[in-house]
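The chain contents come next:
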Amino acid sequence: MVCPSQKPSVCNNMAAPSRHVGRYFQRNGRFLLNNIEQLWGHRSFGWTSAVLQQAAEALKESTETVVIPRKKTWSKEAVLEALALTVGKDPTAYPYQFQDDPYLSPRTAVEFKMYSLSQESGRSAAKYFINSNPKFFTKDFAEPHIPCLMPETVPLLLEEVSEEALKERINLRKVAAAVDLYDQLLQAGTAVSMETTHDLLNLISFYCDRDPVQDSEPQLEDMEGSGEEVKRKKATFPRAADFIKPTWKENNNAERIFNLLPERDTLCYSALIRGMVMHRAYAKAFSLYTDMLNNRLTADVHTFNALISAAPDVRDKYNERWEVITDLLNQMNQQNVRPNLLTFNNVLKALKRCGFLAKSHAVHTLKEMKAVGIVPSLASYSHLLSVFFKAGSSVKSNTDILQQVLSELVGTSFTCQDPDDASFFMTAMRVCVENKDLEMGYKVQSLVEVGDNWRLLGDSYQQTLYYGRFFSLLCMMEHFDVVLKWYRKLVPSSYYPNPQGMKELLQAMDMESRLDLLPTIWKDICTLGHDNKSDLVEEMLSLMSRDQHSPEIQESFAVCALDVKRVFSGDTGRPSLEWSSSSLSHITTLLLRANKTQEAWEMLELFKSNNRVPHEQLLEDFLSVCHSNGSSKRAVELVQLSSTFCLSATPRLAKRALAEFDLTEDQRAILSELESAEEPSD
């Protein structure tokens with residue numbers, strides 16, 4: 001643009017701060033508007049006056065509302081996030097948590113489970129080593145700083161008997177040490193502040209009066225001899241009893257310290273009540289709550305949340321359970337305690353154990369939740385679906401509730417607000433499968449694909465269960481081409497099918513008459529490690545041998561059958577399967593249809609070596625193949641093999657061979673003798 005000499009140049013002002021640019025346009029915008037046609041008139045751009053007028057009006061509007069943007073501050077992950085938006089999900093890649101070491105990436109369902117467990121075990125072992133030896137990890141080179149990767153425990157720095165030392169032990173979760181130091185402070189006559197007392201009671205109540213166990217800390221068991229000292233100790237594997245939550249003991253340190261307090265406020269009561277509920281002392285928690293009311297104290301929302309979750313455990317009848325819940329809610333209202341998300345979620349969760357009262361009260365609870373301005377989380381809807389759709393119930397309900405929930409949630413990206421949020425998608429897909437509602441299943445899956453909602457599918461087990469249900473629904477209700485499309489999309493990036501899932505895929509292929517794809521699916525079965533499941537292999541062989549197909553398909557079936565034979569023979573380096581009469585018959589039939597006579601004859605020998613009896617129709621088919629090939633010698637051997645198995649079809653086979661084959665005198669004598677043999681009596 002040509003700028004007048006008496007005005008500053010736009011190009012020169014571009015290097016000035018942004019506020020100078022804004023001032024320039026404010027001062028010179030009118031001049032540009034008045035002279036725009038003159039400035040551009042000598043150029044041969046072909047602009048008409050109407051176009052110039054539109055440009056002048058647009059420039060007038062822009063000069064009157066010039067907004068200079070503020071400086072944009074980018075996060076440290078901005079570049080990675082921008083790059084991530086340029087690529088899509090690769091359905092052939094393994095799950096993201098397995099991509100650190102491609103060589104060890106799991107290829108089967110068993111390897112998937114082993115890899116996940118070993119990976120978690122490695123993290124726990126590393127965490128235990130870091131926490132046990134913090135002196136080796138005093139420097140942090142991580143950028144950005146990752147606190148969870150740093151040592152959680154450090155040696156105690158304060159050894160004197162003081163409140164600061166007590167705070168240190170509380171922060172380090174040293175339960176026993178904190179209790180001992182608190183007792184020393186009381187014996188010394190030192191007063192402990194109420195804030196520190198609250199923290200101590202919370203610590204003791206949460207861990208049920210015992211020190212927390214490190215994730216990978218070995219459990220040592222003494223091996224004692226007869227009157228001798230301990231010779232050795234060994235680490236034992238965790239048992240089921242190790243994962244059972246400790247129970248609340250009578251007069252433990254939390255109760256003892258609570259009873260020693262000269263004054264008890266709401267937070268003191270709240271710490272013990274929540275600890276009692278957490279460790280299944282439900283009746284004791286309600287008793288302590290009554291004592292708090294008698295002392296004219298008001299409970300907080302966390303106390304009410306804990307008591308509501310424990311309500312079904314203190315009453316046996318459904319109406320009595322609901323009365324306890326409503327009584328607690330009324331007391332919250334009387335004490336001006338505002339409920340939060342977990343309050344209503346606990347009510348909905350408790351309603352799942354209130355039988356016939358649940359449905360009407362669950363809908364009312366959800367409406368009241370929205371009325372007070374609390375947005376339901378996925379856990380709220382998960383509990384609602386569980387109320388209306390009981391797992392394993394033979395009564396099929398309509399999916400109107402699920403339809404309303406999905407209509408409300410469509411296109412929404414969620415963040416975890418409740419531990420039970422991870423159960424929503426699994427519950428919703430279960431409802432779709434039980435009601436065979438494919439449309440709802442697609443809606444649930446589309447909601448999973450919004451933003452980072454897939455993170456709320458839960459752990460690896462829950463993800464496998466969700467995708468297994470979705471895939472089962474597809475196999476039941478969808479066209480096979482669509483099923484195959486989803487199969488290629490989900491496996492192995494998101495889902496490792498179990499043997500039942502592969503059976504459902506085979507059944508879908510059978511319904512759509514797409515058995516020509518069986519050899520391809522067999523390769524996937526081997527890759528997923530299910531080739532050692534005899535019932536699955538039998539199902540696939542049965543489908544391949546049931547009908548006659550084109551020569552090309554029969555050839556591919558025969559190649560697949562020989563590969564299955566390797567699995568039964570143990571040539572794959574894995575434990576072999578046990579031959580059955582049906583598996584031997586199916587493979588032999590497939591080889592015969594592909595004119596692989598020699599391989600089929602070897603299968604007949606396997607009948608003999610494995611003490612299995614072939615079907616009579618199989619021998620009839622084999623004799624027909626021998627006739628088409630003109631193999632009289634093989635025909636005689638076949639009749640002799642039938643006689644070895646003492647089959648009733650032996651005389652008939654011998655008679656047919658005498659009539660259809662060109663035989664030598666010796667062969668005729670053998671067959672004549674077999675033909676005249678009496679059929680075995682039943």
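Presented here is a report on the structure given in the accompanying data block.

Helix and strand content of the protein: 31 helices and two strands. Within the protein, the fraction of its 682 residues that count as buried is 41%. Considering only intrachain contacts with a sequence separation of at least 6, the fraction spanning at least 24 residues in the protein is 65%.

On the surface, Val79, Leu80 and Leu83 cluster together into a nonpolar patch covering about 330 Å² of accessible area. Owing to a relative accessible area of 60%, Val79 belongs among the exposed residues under this scheme.

In this section: the pattern of salt bridges. Scanning the entire structure with this criterion turns up 27 salt bridges. Here Glu168 makes a salt bridge to Arg169, at a shortest N to O gap of 3.6 Å. Accessibility classification places Glu168 together with Arg169 in one group, the buried group. For Asp524, the salt bridge goes to Arg488, with nearest N and O atoms at 2.8 Å. Placement of Asp524 in helix H23 (residues 518-527) and of Arg488 in helix H21 (residues 480-490) is noted, with a sequence separation of 36 residues between them. Using a relative accessible area of 37% as the deciding quantity, one classes Arg488 as partly exposed. Here the residues in one salt-bridge network are Glu616, Glu620, Arg652, Arg656 and Glu660, joined through shared partners.

Moving on, we get to the packing of aromatic side chains. One pass over the full model with this rule turns up 13 aromatic pairs. Here the aromatic residues Tyr442, Phe470 and Trp486 are joined through ring pairs into a cluster of three or more. Here the basic side chain of Arg264 rests over the ring of Phe258, its NZ or CZ set 4.9 Å away from the ring centre.

By the criterion of burial, helix H14 (residues 341-351) is predominantly enclosed, with nine of the 11 residues buried. Considered for burial, the residues of H14 that qualify are Leu341, Thr343, Phe344, Asn345, Asn346, Val347, Leu348, Ala350 and Leu351. Contacts from the buried residues of H14 go to helix H12 (301-310), helix H13 (318-334), helix H15 (358-371) and helix H16 (378-388).

Take the nonpolar core next. Counting residues in hydrophobic clusters, the biggest one holds 164 residues, and the most contacted among them are Phe424, Phe425, Tyr487, Leu518, Met540, Val564 and Leu604. Those residues in contact with Phe424 that sit more than four places away from it in its chain are Leu378, Tyr381, Ser382, Leu385, Val405, Leu406, Leu409 and Leu447.

Here the focus is helix H10 (residues 266-278). In this model, H10 (13 residues) spans 18 Å end to end at C-alpha, consistent with the 18 Å of a helix rising 1.5 Å per residue. The buried fraction of H10 amounts to 10 of the 13 residues, a majority that puts the element mostly inside the structure. Among the residues of H10, those classed as buried are Thr266, Cys268, Tyr269, Ser270, Ala271, Leu272, Ile273, Gly275, Met276 and Val277. Contacts from the buried residues of H10 go to helix H8 (194-206), helix H9 (253-260), helix H11 (282-294) and H12. Backbone geometry just downstream of H10 places Arg280 in the positive-phi region, at approximately 70°.

In contact at an axis separation of 9 Å, H12 and H14 are set at 10° when each is read in the N-to-C sense. By the angle between their directions, the pair H12 and H14 is classed as roughly parallel. When H12 is examined against H14, the residues Val301, Asn305, Ile308 and Ser309 are found in contact with a partner set consisting of Leu342, Thr343, Asn346, Val347 and Ala350. A per-class count over the contact of H12 with H14 returns five nonpolar, four polar and no charged.

Here we come to the side chain of Gln445. Mapped onto the fold, Gln445 is located in helix H19 (residues 438-448). Of the polar contacts made by the side chain of Gln445, one reaches the side chain of Glu449; its length is 3.1 Å. The residues touching Gln445, leaving out its near neighbours within four places in the chain, are Tyr466, Tyr467, Phe470 and Trp486.

What counts, and where the lines are drawn
- Counting starts from 1 at the beginning of each chain's written sequence and moves along it residue by residue.
- It should be noted that, the model being predicted, local features are given only for residues of pLDDT at least 70 and side-chain atom pairs only at 80 or more, the latter also being counted only at that level, while totals for whole chains, interfaces and linings use all residues.
- In computing side-chain values, all of the structure's heavy atoms are included and hydrogens and water are not.
- Under the DSSP-based scheme used, a helix requires at least four consecutive residues in state H or I and a strand at least two consecutive residues in state E, with every element numbered from the N terminus.
- Any residue under 20% of the maximum accessible area for its type is buried, any over 50% is exposed, and the rest in between are partly exposed; the area is computed with a 1.4 Å probe on protein chains only.
- Contacts are residue-level and defined by heavy atoms, with any inter-residue pair within 4.5 Å sufficient.
- Only residues whose relative accessible area exceeds 30% and that take part in no salt bridge are eligible for patches, with like-charged residues grouped when within 9 Å of each other and nonpolar side chains (Val, Leu, Ile, Met, Phe, Trp, Tyr) grouped when within 5 Å.
- Each accessible area is a Shrake-Rupley result for a 1.4 Å probe, and residues are judged covered by the shown protein chains and nothing else.
- Think of a salt bridge as a Lys or Arg side-chain nitrogen and an Asp or Glu carboxyl oxygen that are within 4 Å of each other.
- Each pair of aromatic rings taken from Phe, Tyr and Trp, with Trp reduced to its six-membered ring, is defined by centres within 6.5 Å and is described as stacked if the planes are under 30 degrees apart, edge-to-face if over 60, and tilted in the remaining cases.
- In our convention, an over-ring charge means Lys NZ or Arg CZ found within 6 Å of a ring centre and within 35 degrees of that ring's normal.
- By nonpolar core we mean a set of buried residues, namely Ala, Val, Leu, Ile, Met, Phe, Trp, Tyr and Cys, connected to one another through side-chain atoms within 4.5 Å.
- What a helix should span is 1.5 Å times the count of its residues minus one.
- Fitted lines through C-alpha atoms give the axes, limited to the stretch in contact for helices. The angle between two N-to-C directions lies from 0 to 180 degrees.
- Just so you know how the angles are binned, under 35 degrees is roughly parallel, over 145 roughly antiparallel, 65 to 115 roughly perpendicular, and the rest oblique.
- Basically, the charged four are Asp, Glu, Lys and Arg, the nonpolar ten are Ala, Val, Leu, Ile, Met, Phe, Trp, Tyr, Cys and Pro, and anything else, Gly included, counts as polar.
- Pairs of N or O atoms within 3.5 Å make up the polar contacts considered here, provided that, within protein, one atom can donate a hydrogen while the other can accept it, and that residues adjacent in sequence are counted only when both atoms are side-chain atoms.

Without other data, these values stay purely geometric and don't point to any function.
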